[in-house]
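Below are the chains, spelled out letter by letter.
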Amino acid sequence: MARETKRARLARMHEEYAILCELIPAPACALDFADPFQLLVATVLSAQTTDRRVNTVTPELFDRFPDAATLGRARLEEVEEIIRPLGFYHAKSRNIIALAAQLEADHGGVVPATMDGLTALPGVGRKTANVVLGNAFGIPGFPVDTHVLRVTGRLRWRADWRDAHPDPAKVEREITACFPPEEWTDLSHRLILFGRSTCHARKPACGTCPLADSCPSAA
DNA sequence: ATCCCGAGGG
DNA sequence: CCCTCTGGAT
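This one's a predicted model, so the numbers in the text were calculated from it and none came from an experiment.

Here we come to the protein's contact with DNA strand B. Near DNA strand B there are 23 residues, and of these Gln48, Thr128, His147, Arg196 and Arg202 occur at the shortest range. Close to the protein, within 4 Å, the atoms of DNA strand B are drawn from sugar and phosphate at a rate of 78%. Listing elements by their share of the surface near DNA strand B, those giving two or more residues are helix 3 (51-64), helix 8 (126-137), helix 9 (146-154) and helix 11 (181-197). Looking at the surface near DNA strand B residue by residue, the class counts come to 6 nonpolar, 10 polar and 7 charged.

Summarising the element assignment, Thr146 is placed in helix 9. For the pair formed by Thr146 and Arg94, sequence separation is 52 residues and the distance between their alpha carbons is 24 Å.

As enumerated under the stated definition, the model contains 10 salt bridges in all. One salt bridge connects Arg75 with Glu78, and the closest N-O pair in it is separated by 4.0 Å. Shared partners join several salt bridges into a network, and the residues in it are Glu60, Arg64, Arg75, Glu77 and Glu78.

Axis separation between helix 2 (residues 36-45) and helix 6 (residues 89-107) bottoms out at 10 Å; the angle between their running directions is 150°. Relative to helix 6, the element helix 2 lies roughly antiparallel. Where helix 2 crosses over helix 6, the two elements pack in a sense that is right-handed. Where helix 2 abuts helix 6, its residues Phe37, Leu40, Val41, Val44 and Leu45 lie against Lys92, Ile96, Leu99, Ala100 and Leu103. The class makeup of the residues in the contact of helix 2 with helix 6 is 9 nonpolar, no polar and 1 charged.

Glancing now at the side chain of Lys92. By secondary structure assignment, the location of Lys92 is in helix 6. Here Lys92 sits buried without a salt bridge, and the closest side chain of opposite charge, Asp51, lies 12 Å off (N-O distance). Separated by 3.0 Å, the side chains of Lys92 and Thr49 make a polar contact. Sequence-distant contacts of Lys92, that is, excluding residues within four places in its chain, are made with Val44, Leu45, Ala47, Thr49, Ile83, Leu86 and Gly87.

Taken together, Arg52, Arg53, Arg84, Pro85, Leu86, Gly87, Phe88, Tyr89, His90, Ala91 and His165 make up all the residues around DNA strand C. Sugar plus phosphate, as a fraction of atoms of DNA strand C within 4 Å of the protein: 49%. A distance of 2.3 Å separates a base nitrogen of DNA strand C from a polar atom in the side chain of Arg53. Between His165 and DNA strand C, the recorded distance is 2.9 Å, taken from a side-chain N or O atom to a phosphate oxygen. When its residues are assigned to classes, the surface near DNA strand C shows 5 nonpolar, 3 polar and 3 charged.

Under the feature "binding site: [4Fe-4S] cluster" (unreviewed entry), the UniProt entry names Cys199, Cys206, Cys209 and Cys215. Across 17 residues, the annotated set stays spatially compact, with a maximum C-alpha separation of 11.0 Å. For Cys209, the location among the structural elements is in the segment after helix 11. Those residues in contact with Cys209 that lie beyond four places of it in its chain are Phe194 and Thr198. Note on Cys215: relative accessible area 17%, which makes it buried. With residues up to four places along the chain from it excluded, the contact list for Cys215 reads Glu16, Arg154 and Leu155.

Looking at the secondary structure, you find Thr43 in helix 2. Every residue in contact with Thr43, bar those within four places of it in the chain, is listed here: Leu31, Thr128, Val131 and Val132.

Here we come to the nonpolar core. Among the nonpolar cores identified, the biggest contains 34 residues, and Leu40, Leu61, Leu71, Val79 and Leu118 are the most heavily contacted of them. Listing elements by their share of this core, those giving two or more residues are helix 2, helix 3, helix 4 (68-72), helix 5 (76-83), helix 6, helix 7 (115-119) and helix 8. The leading source of residues in this core is helix 2, at 7 residues. Apart from the residues within four sequence positions on either side, Leu61 is in contact with Val41, Leu45, Val79, Ile82, Ile83 and Ile96.

The rules behind each value
Residues numbered from 1 in each chain as written. Chains lettered and ligands numbered in written order. Predicted model: local features only at pLDDT ≥ 70, side-chain atom pairs only at ≥ 80, totals over all residues. Heavy atoms only, no water. Near = heavy atom within 4 Å. Helix = DSSP H or I, 4+ residues; strand = E, 2+ residues; numbered from the N terminus. Nonpolar A, V, L, I, M, F, W, Y, C, P; charged D, E, K, R; others polar. Salt bridge = Lys/Arg side-chain N within 4 Å of Asp/Glu carboxyl O. Axes fitted to C-alpha atoms, helices over the stretch in contact; angles between N-to-C directions. Parallel < 35°, antiparallel > 145°, perpendicular 65-115°, else oblique. Left-handed = near helix turned anticlockwise from the far one by under 90°. Contact = heavy atoms within 4.5 Å. Buried < 20%, exposed > 50% of the residue type's maximum accessible area, 1.4 Å probe, protein only. Lys, Arg positive; Asp, Glu negative; His and termini not counted. Polar contact = N/O pair within 3.5 Å; in protein donor to acceptor, adjacent residues only side chain to side chain. UniProt positions renumbered as here; feature names shortened; annotations may be inferred. Core = buried A, V, L, I, M, F, W, Y, C linked by side-chain atoms within 4.5 Å.

The structure is reproduced here in structure tokens:
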């Protein structure tokens, strides 16, 4: 196959995104918290876990520790007990307590609506920050997680698709340059769901994949 | 077995 | 660049 021109690749990206929009009808955020603080904590907890399981522990967690002031002063063991089913519970408990304490100290418990403010908090990287910015504040962002890295690589949506360990921030810049800001959050979400449901890490379901026709990596 | 909407640390 | 943190669902 001849080398794809930049223009052709951009057209393919938009076509494939349109197909994903049909494939995944409801792009609602699974972590649906109106309160930015609770969304932030829930998003931190969702690392290496499913949103469904996070939602099983958050009612009790936020019933006891509804805000930064209370969670920041929580006993470690008490938090551990509540979030134990998530796995990584020891590290995560320390993380969210430290996060809440820092948030209380630096911002009076109010979640900052900026990338710099969010990523300065312990346990918050660009991925988490972008999720919070998008879902709590309506600020366009493109969360890049392992699914997004894998899927954009396989689809060759980025120039460095050969790189086994791409820089997430670089991927974020590269992909957002190809879509209007109002589509970033939705695009990321759909790529993640697509990666989970079809474009698996080890055994991608190319046989039933709706993008197989145009995917350069399809088996 | 395989995977789960990461981030910090060495 | 690697590693670790962890339990539950499928």
